[in-house]
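A look at the structure
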Amino acid sequence: MVTGPTDPTDPNDPAESTDSTSSSSATPTAFEFLKALLPACPPELVPLFVLAYDIDAFEADAANFAKQTGIPESELLAIAAEARKGSDPMADKRPGQHVVSRSVLVAWCTGTNRQNQLIWPYSLHAGRESPTNPSDVGKVYDFVKVDSKRTEQEWEPVENKLRQAVADIENGTGFADPACVQTIKEVIALHYARSIETLETVEKLFDTTIENKKAAMLRQREALDRLYEAKTGDATGLKDDDAREAFVDAFHGRLRWIFNSGTYFRFRVVYLFHAALDLIAPMKVQVLRAPTGSEFLISDAPVITADASGNRRGVRNNIAIGNADSVLMPLSPHVTVALDNLAGDFPVDAAYVRKLNTWQLEAAKHHVFLHPSSSLMSWVDVMRPAIPPTTV
C-alpha cells in the first residue's frame with residue numbers, strides 16, 4: 001500500500017484530503033474513495049480515513065467495502081482496530097516524552113550510570129540552570145497526546161542501537177559499517193519527525209488546509225446544496241450564507257476532533273519518521289570532528305536542515321528534509337554528523353564548530369545542553385540575547 005516518499009510537511013497528502021463523511025451504509029463515492037486511497041496512502045495514515053469515516057460505521061460496512069474494493073475484510077477490520085487503539089483516550093500514555101533521546105544526551109553527561117549522570121541545561125528564557133539528570137530534560141509534556149506509550153515503542157529499536165552507533169562513529173569504525181550508517185540515518189529521521197518544529201508546522205499546515213477547504217466549499221454553492229441534500233434529505237438547500245458556513249463548519253467537525261484530540265499527530269508522527277527516512281536514504285554520511293579545545297553543543301531541536309548556502313535553515317524557512325542540501329545533527333561534544341552528497345570523515349576548525357553551535361542556538365526552542373565541564377557556557381551567555389527562541 002506504500003507509494004514513494006512525499007515531503008513530510010506537504011499538506012496535500014491523502015489523509016489531509018479526507019472529508020468527514022460518515023454513513024451507516026457506504027455510498028459508491030465512499031467505495032471509490034477508499035479504493036483509490038488505500039493504494040496511494042502510506043499505511044501509517046490509513047487509520048485517519050477510518051476515523052474520519054467513523055470507526056463503527058466503517059466496521060459495519062467492512063464487508064461491503066471488501067466486496068467493492070477487493071481488499072480483504074480482515075485487512076479492513078485490522079485497520080479499523082488500529083484506528084480505535086490509536087484514538088483511545090484511555091490508552092497508556094507517557095506524559096513526558098523526549099524530543100531529544102536520552103541516549104543522545106548522555107554523550108554530554110558526567111557519570112557512568114543512569115542515577116549519577118548529569119547534563120548542563122541552558123534555558124534560552126532564563127539562562128543557566130543547575131546540572132541535572134538527562135532523564136529530566138529534552139522533554140515535552142504530552143508531545144503525543146494519545147496512545148503515546150505505543151508511539152514511543154515505535155522508536156525503541158532505533159534508540160536501543162543508538163549509543164553503540166555513536167561510539168562506533170566516534171572511534172572511527174562506524175563510518176564504513178552500513179548498519180551503523182543506517183542507524184545514524186534512523187536517528188536523524190527520528191529527531192526530525194519527533195521535533196517541536198515539526199509539531200508546530202503540522203498544526204499550522206492543518207489549520208491552513210482546513211480553512212482553504214472550507215473557503216473552496218463555500219464558493220461552490222450548487223455543489224454545497226447537493227451535498228446538504230445528500231446528507232440531510234432536504235432538497236430546499238441552504239437558505240443563506242450563515243447557514244452555508246454553519247454546515248461547512250459541521251462538515252469538518254470530525255476532522256477538527258481528530259486533530260484537537262491529538263489523534264491526527266499520533267498517526268502522523270509515525271508516518272513522518274518513515275517518510276523522512278525514505279527521503280534521506282540516498283544521502284551520504286559525513287562525520288565532522290571538532291578540534292582539540294572546541295566542542296559541539298546540542299539543542300532541543302538538534303536536526304538542522306539547510307540549503308546549499310547554509311543561509312536558509314529549518315522548516316520555518318521552507319527547508320524541509322525533502323529539499324535540504326544538508327542535514328546535520330550533533331551526536332557528542334566531539335562529533336556532528338551531516339547528510340550530504342559526499343561521504344567522508346573530516347576534521348573541522350574551531351570557526352566551523354562555532355558556526356554549527358550558532359545554528360543549534362538559533363534552532364533551539366527552549367534549551368541547549370552542554371557538558372557540566374564545558375567552556376562554552378560563557379559563550380552561550382554572550383550569544384543568547386542576540387538569538388531569541390524560534391517560533392514557526
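Further up the page is the structure itself.
Definitions and cut-offs
Residues numbered from 1 in each chain as written. Predicted model: local features only at pLDDT ≥ 70, side-chain atom pairs only at ≥ 80, totals over all residues. Heavy atoms only, no water. Pairing = 2+ DSSP bridges. Helix = DSSP H or I, 4+ residues; strand = E, 2+ residues; numbered from the N terminus. Buried < 20%, exposed > 50% of the residue type's maximum accessible area, 1.4 Å probe, protein only. Phe/Tyr/Trp six-rings, centres within 6.5 Å; stacked < 30°, edge-to-face > 60°. Contact = heavy atoms within 4.5 Å. Expected span 1.5 Å × (residues − 1). Polar contact = N/O pair within 3.5 Å; in protein donor to acceptor, adjacent residues only side chain to side chain. Axes fitted to C-alpha atoms, helices over the stretch in contact; angles between N-to-C directions. Parallel < 35°, antiparallel > 145°, perpendicular 65-115°, else oblique. Left-handed = near helix turned anticlockwise from the far one by under 90°.

Let us now look at the sheet that holds strand β6 (residues 298-299). Taken together, 4 strands build an open sheet; the order of strands is β3-β2-β11-β6 and the sheet is antiparallel. At either margin of the open sheet sits one strand with a lone partner, and together these are β3 (127-128) and β6. In the sheet, strand β2 (residues 120-123) pairs with β3 via 2 bridges, with the strands oriented antiparallel. Bridge assignment links Y122 to a residue of β3, and that residue is R128.

Quick look at unusual backbone geometry now. A positive phi angle, near 55°, is found at D147, a position not held by glycine. Checked against the element boundaries, D147 lands in the loop between β4 (139-141) and α8 (148-171). For D147, a relative accessible area of 3% gives the class buried. The backbone of N318 sits at a positive phi, close to 65°, despite the residue not being glycine. Note that N318 resides in the loop between β7 (304-306) and β8 (326-330).

Here we come to the packing of aromatic side chains. Inspection of every chain in the model, using the stated rule, returns 8 aromatic pairs. Residues Y228 and F247 carry aromatic rings whose centres are separated by 5.4 Å and whose planes lie at 85° to one another, so their mutual orientation is edge-to-face. With Y228 in helix α11 (residues 221-232) and F247 in helix α12 (residues 241-251), this residue pair connects regions lying 19 residues apart in the sequence. Residue Y228 is classed as buried on the basis of its relative accessible area of 17%. Classification of F247 as buried rests on a relative accessible area of 12%. Of the aromatic side chains, those joined through ring pairs into one cluster are F49, F58 and F65.

Turning our attention to helix α3 (residues 46-53). In terms of burial, α3 is largely enclosed, as 8 of its 8 residues are buried. Inspection of α3 places V46, P47, L48, F49, V50, L51, A52 and Y53 among the buried residues, and these make up the whole buried set. Among the residues trailing α3, D54 stands out with phi positive, at a value near 105°.

Within the secondary structure, E152 sits in helix α8. For E152, a relative accessible area of 11% puts it in the buried group. Other than its neighbours up to four places away in sequence, E152 contacts R94, Q97 and R194.

So, about helix α9 (residues 178-193). In an α-helix, one turn spans 3.6 residues; hence positions three or four apart end up facing the same way. For α9, with 16 residues, the first-to-last C-alpha span of 22 Å sits near the 22 Å given by 1.5 Å per residue. With 13 of its 16 residues buried, α9 lies for the most part within the structure. One side-chain oxygen at the N-terminal end of α9 lies 3.0 Å from the backbone nitrogen of A179; it belongs to D177.

The next subject is the pairing of strand β11 (residues 367-370). Alignment of β2 against β11, held across 4 bridges, turns out to be antiparallel. Each residue of the ladder has a partner; that of W120, found in β11, is L370. The pairing of β6 with β11 spans 2 bridges and is classified as antiparallel. Following the sheet pairing, S299 is matched in β11 by V368.

The next thing to look at is the sheet that holds β7. Within the open sheet, the 5 strands sit side by side as β7-β8-β9-β5-β10. Their pairing is mixed. Edge positions in the sheet fall to β7 and β10 (344-347), since each has one partner strand and no second. Across the sheet, the axes of successive neighbouring strands diverge by a mean angle of 20°, strand direction being ignored. Bridge count for β7 against β8 is 3 bridges, and the pairing is antiparallel. Within β8, the position partnered with A306 by the bridge is S326.

A packed helix pair is summarised by two numbers, namely the angle formed by the two axes and the spacing between the axes. Relative orientation of the contacting elements α8 and helix α14 (residues 263-280) amounts to 15°, with a least axis distance of 10 Å. The orientation of α8 with respect to α14, classified from their angle, is roughly parallel. For the pair α8 and α14, the crossing hand works out as left-handed. Contacts from R150, T151, E154, W155 and V158 in α8 reach R266, V269, V270, F273 and H274 in α14.

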